[in-house]
Every structure is written in C-alpha cells, then in structure tokens.
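Remarks on the overall topology
Now for the letters of each chain:
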Amino acid sequence: MFSRIAILVSVLVPVAALAVPPLSTPWPCDVSYRITQGHNTGSHTDKGAWAWDIGVPENADVTAPADGVVRAIRMDSSRGGCDSAFANDANYVVIDFGDGTEALLLHLAPGSSSLKVGDRVKRGEVVGRVGLTGWVCGAHLHFQIQQTCSSWWCQSIPADFEAYGNPTSGSYVSDNCPSCGAVASLETPVVVDEKDPGCFKRRTTYWWSVNEGEGGHHYYTFGTDGAAADTQGVWTFDVAQDGDYAVDVFIPSTEADSTNASYVVFDGANASAVSLDQSAQKGWIPLGSFAMTAGEQRSVTLGDNTGEPYDLRRKLAYDAIRVSAVPQTPTMPGEDDMPVVGDPTTPDNPADPQDPVFR
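In short, a report on the structure. (Residues numbered from 1 in each chain as written. Predicted model: local features only at pLDDT ≥ 70, side-chain atom pairs only at ≥ 80, totals over all residues. Heavy atoms only, no water.)

Attention shifts here to the sheet that holds strand 16 (residues 208-210). Pairing within the open sheet is antiparallel, and its three strands lie in the order 16-17-24. Looking along the sheet, the strands with just one partner apiece sit at the ends: strand 16 and strand 24 (315-318). Strand-to-strand twist of the sheet, defined as the mean angle between neighbouring strand axes without regard to direction, takes the value 35 degrees. (Pairing = 2+ DSSP bridges. Helix = DSSP H or I, 4+ residues; strand = E, 2+ residues; numbered from the N terminus. Axes fitted to C-alpha atoms, helices over the stretch in contact; angles between N-to-C directions.)

Next up, the structure:
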C-alpha cells in the first residue's frame, strides 16, 4: 500500500515541490495537544490526504510553523458545521515558504488575525485562533503542507515535523519556541514588540488584536477584580552591561481603558509594581528606572487582575515596551580636589605679591 501511495505522490508532486523547510508544531511553545487524525485516514483524502488534525481548542492560538509570507488569508466567515455544505466557509491562513511549498492552517475563528497578503511571518508568530468555521465536527486545527497553486486549497504533500516526524496519534508538546533577541546596552535601547513570539508571551486565550498602536498594532483583553490574574502578557529582555535602565511602556490611543493597569517589572532580583491609568495616559509612559545586571532574566508582566469589575467597555491594552540605559551624570570634582587661586604652594600658579592675601 505504501509503495502505491509513494508512486502516486511522485506523479502528482514535482520533486522541487518537496523542498519543505524544517517545520515546528503550529501551536505555541510548551503547550501540549493531541494529533486526532493523521495522513491518509478518515476524511484526509484527495487534496487533503497528507494533512494532520490537531486537537487545538476553540479560541486557542495557532502559530507559524516556519518563516514565510502570507499568500492567502480569510477571516470574514462565521459559518461552519459538521456537513460538507460548509466546506468552502472556513477561515484560513496560507504561509508561502518560497520554495514551491506552503502551509495551510484551516478552521480559524473570524477576525482572529490582522495579517494581510504579503506580510512576512516568523516561526512561532501567532497567525490566528482556532474557530468553528468550515466543514468541522468539533474544534480542531487542520494543518497541511501543500504545493503552491492559485487557490487556497492545493494538493497536500508529505511532510514531517522537525521534532516528531510524522505523528499519527498521541499528545505532543510544542517545540515552537523562538528565542528572544531583545538586548539593551548602555549605548543602544531596545523596543520589545508585542508581536515578537520570542519576547512576548500571551498566557490564556482571551486576546483580541487591533491595528493601532506602536508599529500599527496592539492586543487587548479585559480587566477584572479577580484576586489573581487569569490572563497575562509577559515581555522579556536582556541587558548587555550592568547599569541603571529606564523601562517605558507604550499605551495606544484606542482599546486602552483600564484606570489601574498594574505592570510588574522584574529586574533580575526584585519585582516592582507600577500602576498606570491607560484611559488617561497615552504614548510612551515611564515605569521607572531599575538597576540591572547582565546575565539575569528580566521581564515586565501585565495581568488582567486590575481590581476593576469586568466590563466590556474597559479594555486592557498590551503594546510595546522600551528599555534604555539611564545617562550617567558626570562626577564633579570635590572642593578638596580644586586648586586654590593664588595658592603659593601651587607651582603652576605662583602668588602675586600684590594679591590681598599678602597684605
């Protein structure tokens, strides 16, 4: 049976189209999901024969499995159901790898991505959330590598995950863990963007995306009066040298209504809480200056437990942060180090006999 499939694939798929880049799992770092359907089984036939179904729950994040460019995207459908009549109603993102192959991520929630055709995406970048759109009998992510064609639904081709090969069932922890390259130095500040999957982590699924803010984008959730945070955003960064560093946060103009956004700055040794009124403070706002030592992990965390009753009109915004070295104040010499004008003991400044000191 395998040899027959291999022969069929060799006919349908040009060799050049099999140059797939190394693939990470298409969901966030360290999260575990089940493979619920593998290749050439169940509904995976014809163009979708080499697909995987992954048990990602509704509204959970989907991430790019490799670097690429958005070739096709749909986010406007709210139709779906367990019937072939809904087959053309799915939302999707197609990421082109530039080698004749691409990734299709299918059954996404409406409005769950702000990406556009032509946008570049990095491995690990969130590209949408799972929804119940298209021909779907329960929430899951349909994921396949396919030949590039003129449609969003192209011929799937064999592919493996770099860490797991070709899983057919079972649970797998995501290896889609990009590193954070944000490093501030005494000479150069660094901006940590909320769209950087290595440096900004979104914990839990209650996030919404807005095309406004620093870099033309920010996320938001809603503040609550819970004792502990249900949803958190965490920015991470490093510093190249020991010193005092200023930390600023960007508060966008829209969808930023909390009056008690509580940021927690961890400088590598101590945690400091700073509350801001996002409804009144906009643009770059300082959190303060902090002594930091190179080689220690640092972060800024913003949780949704703002102490404010849950209200759909009270949105808590997550945008970029900026870390920059505090300029050092030049040290002035002390009085004891200053020469005395007219001091006869100073060789280069002999006393004038007419100086009042001698009268």
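This part is about the pattern of salt bridges. Taken as a whole, this structure holds eleven salt bridges when the rule is applied. Among the salt bridges present, the one from Arg71 reaches Glu102, with a minimum N-O distance of 2.7 Å. Placement of the pair is Arg71 in strand 4 (residues 68-74) and Glu102 in strand 7 (residues 101-108), with a sequence separation of 31 residues. For Arg71, a relative accessible area of 21% gives the class partly exposed. (Salt bridge = Lys/Arg side-chain N within 4 Å of Asp/Glu carboxyl O. Buried < 20%, exposed > 50% of the residue type's maximum accessible area, 1.4 Å probe, protein only.)

Moving on, we come to the packing of aromatic side chains. Taken as a whole and assessed by the stated rule, the structure comprises 20 aromatic pairs. With a centroid separation of 5.8 Å and an interplanar angle of 55 degrees, the aromatic rings of Trp152 and Trp153 are classed as tilted. Note on Trp152: relative accessible area 18%, which makes it buried. Trp153 sits in the partly exposed class, given a relative accessible area of 27%. (Phe/Tyr/Trp six-rings, centres within 6.5 Å; stacked < 30°, edge-to-face > 60°.)

On to the sheet that holds strand 14 (residues 190-192), then. Spatially, 14-25-19-22 is the arrangement adopted by the four strands of the open sheet, whose pairing is antiparallel. The sheet is open, and its two edges are formed by strand 14 and strand 22 (283-292), each paired on a single side. Strand-to-strand, the axes of this sheet are offset by a mean angle of 25 degrees, without reference to chain direction. Strand direction decides the pairing type here: strand 19 (residues 243-251) and strand 25 (residues 321-325), joined by five bridges, are antiparallel. Across the sheet, Val249 pairs through a bridge with Ile321, a residue of strand 25.

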